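Survey of secondary and tertiary structure
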Amino acid sequence: MTATRIDGKAFAARLRERVGDYAATFAEAAGRKAGLAVVLVGEDAASQVYVGAKGKATLAANMASFEHRLPMDTTSEDLMALVEKLNNDDSVDGILVQLPLPDHLDEQSIIAAISPDKDVDGFHVINAGRLSVGQTGFVPCTPLGCMMLLTDRLGDLSGLEAVVIGRSNIVGKPMAQLLLDANATVTIAHSRTKDLASVVRRADIVVAAVGRPQMIGKDWLKDGATVIDVGINRLPPEPGKEKGKLVGDVAFDEASEVAGAITPVPGGVGPMTIAVLLRNTLVAAHRNAGLEAPADL
Ligand code: NDP
């Protein structure tokens, strides 16, 4: 069997286009554009690239982008004051503080200061709680993107065996919660799980969010399993090359011999994250303006 390649890049492009169309309709109805504020503290190179990409994608989706780039030595008080200002700014529907923050700033207390109704990253404890008890809130972008790819591929997930490898607050735990809500039978595996391979071999759905290059080989997979690879890992560079290749947590080529469908890295889950961030921002804008968000957002 050769697995179907789940094209997250194409799916994300269609989602971004839909968000852009709905954002234009929203601007007409609300008399203003939906707005996303992104806060970056310090000069971390990767974070600068992410923030730039988010700003561009926001503008391309007919929304307003507010970028706040603060120096490395920004105090907690100053950052809190900015978050408070954005909480009270009616032109801002979503607030995202780019992580990681410099060591002297406490991420949990900064995230806690964001209004849960503008927390489009879904990292606030109120939104984690809402997800856990089945209330409407914001769901972290990466697992929600994975869920969109899974339901697009499989339709109803009721009764399927799902194994999520990884239990972080931003990927593993919300992913497991979403699968549970979709009536899958869910196992969460982690670094202390015994005989991980045999746990994964039970799964109709495998979501790998570990951060270990090509850890999951074909021997770990059940025939026909649907594999969602969240991991982004850079291999050491080959001789003569400056940068190593990007790979996921799954050994893509050999896993493709057994899986029914699989996301590649890059081009799978990665592009979904920004697309879902735009989607969450537009949903926030509808809620803030007292308008109903389109059902297929
Ligand atoms: P974390 O480091 O926060 O969590 C990793 C999880 O993997 C932990 O729960 C850890 O277990 C588990 N783990 C580590 N080693 C093993 C092992 N040998 N066997 C089983 N489980 C193990 O990572 P994140 O959740 O933030 O991210 C996971 C991956 O996804 C990373 O590669 C990251 O780059 C990528 N990522 C990609 C995104 C995208 O847009 N595509 C977005 C976010 C993340 P324990 O809890 O016991 O330590």
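Residues numbered from 1 in each chain as written. Predicted model: local features only at pLDDT ≥ 70, side-chain atom pairs only at ≥ 80, totals over all residues. Heavy atoms only, no water.

As a reminder of what qualifies: UniProt positions are given in the numbering used here, feature names are shortened, and annotations may be inferred rather than shown by experiment.
The protein chain is annotated in an unreviewed UniProt entry as Bifunctional protein FolD of Erythrobacter crassostreae. In the Pathway (unreviewed entry) part of its UniProt record, the protein chain is described as follows: "One-carbon metabolism; tetrahydrofolate interconversion." The UniProt entry for the protein chain carries the following text under Sequence similarities (unreviewed entry): "Belongs to the tetrahydrofolate dehydrogenase/cyclohydrolase family."

**Notes on the packing of aromatic side chains**
This is how the line gets drawn: In this scheme Phe, Tyr and Trp rings, the latter by its six-membered ring, pair at centre separations within 6.5 Å, and the angle between planes marks the pair as stacked below 30 degrees, edge-to-face above 60, and tilted otherwise. Two conditions define a charge sitting above a ring: the NZ of Lys or the CZ of Arg must be within 6 Å of the ring centre, and it must be within 35 degrees of the ring normal.
Under the counting rule described, the total for this entry stands at 0 aromatic pairs. Its guanidinium or amino end placed over the ring of F138, R287 lies 4.7 Å from that ring's centre, counting from NZ or CZ.

**As for the pairing of strand β5 (residues 161–165)**
Rule in force here: Note on exposure labels: buried denotes an accessible area under 20% of the residue type's maximum, exposed denotes more than 50%, and partly exposed covers the range between, all computed with a 1.4 Å probe on protein chains only. Starting at the N terminus, helices and strands are each numbered in turn, a helix being any DSSP run of H or I of at least four residues and a strand any DSSP run of E of at least two. Note on pairing: DSSP must find at least two bridges between two strands before they are called paired. Seen with its strands pointing away from the viewer, a crossover is right-handed if its path from the first strand over the helix to the second goes clockwise.
When you tally the buried positions in β5, you get 4 out of 5 residues, the bulk of the element. Direction of pairing for β5 relative to strand β6 (residues 185–189): parallel, over a ladder of 5 bridges. Bridged to E161 within β6 is T185. Handedness of the β-α-β unit built from β5, helix α7 (residues 172–181) and β6 comes out right-handed. As defined by bridge partners, β5 adjoins strand β7 (residues 205–208) across 4 bridges and the pair is classed as parallel. Directly across from V163, in β7, lies its bridge partner V206.

**A short note on the sheet that holds strand β2 (residues 35–41)**
Our working rule: Comment: axis = line fitted to C-alpha atoms, over the contacting stretch for helices; angle = value between 0 and 180 degrees taken between N-to-C directions. Throughout, a contact is declared for two residues whenever any of their heavy atoms are within 4.5 Å.
The strand order across the open sheet formed by 3 strands is β3-β2-β4, and the pairing between neighbours is parallel. Both edges of this open sheet fall to β3 (64–70) and β4 (94–97), since each of them pairs with a single strand only. Across the sheet, the mean angle separating the axes of adjacent strands is 15° when strand polarity is ignored. Looking at chain direction, β2 and β3 are connected through 7 bridges and run parallel. When the sheet's bridge partners are listed, L40 is paired in β3 with R69. Relative to β2, helix α3 (residues 76–87) is tilted by about 180°, and along the sheet it contacts β2, β3 and β4.

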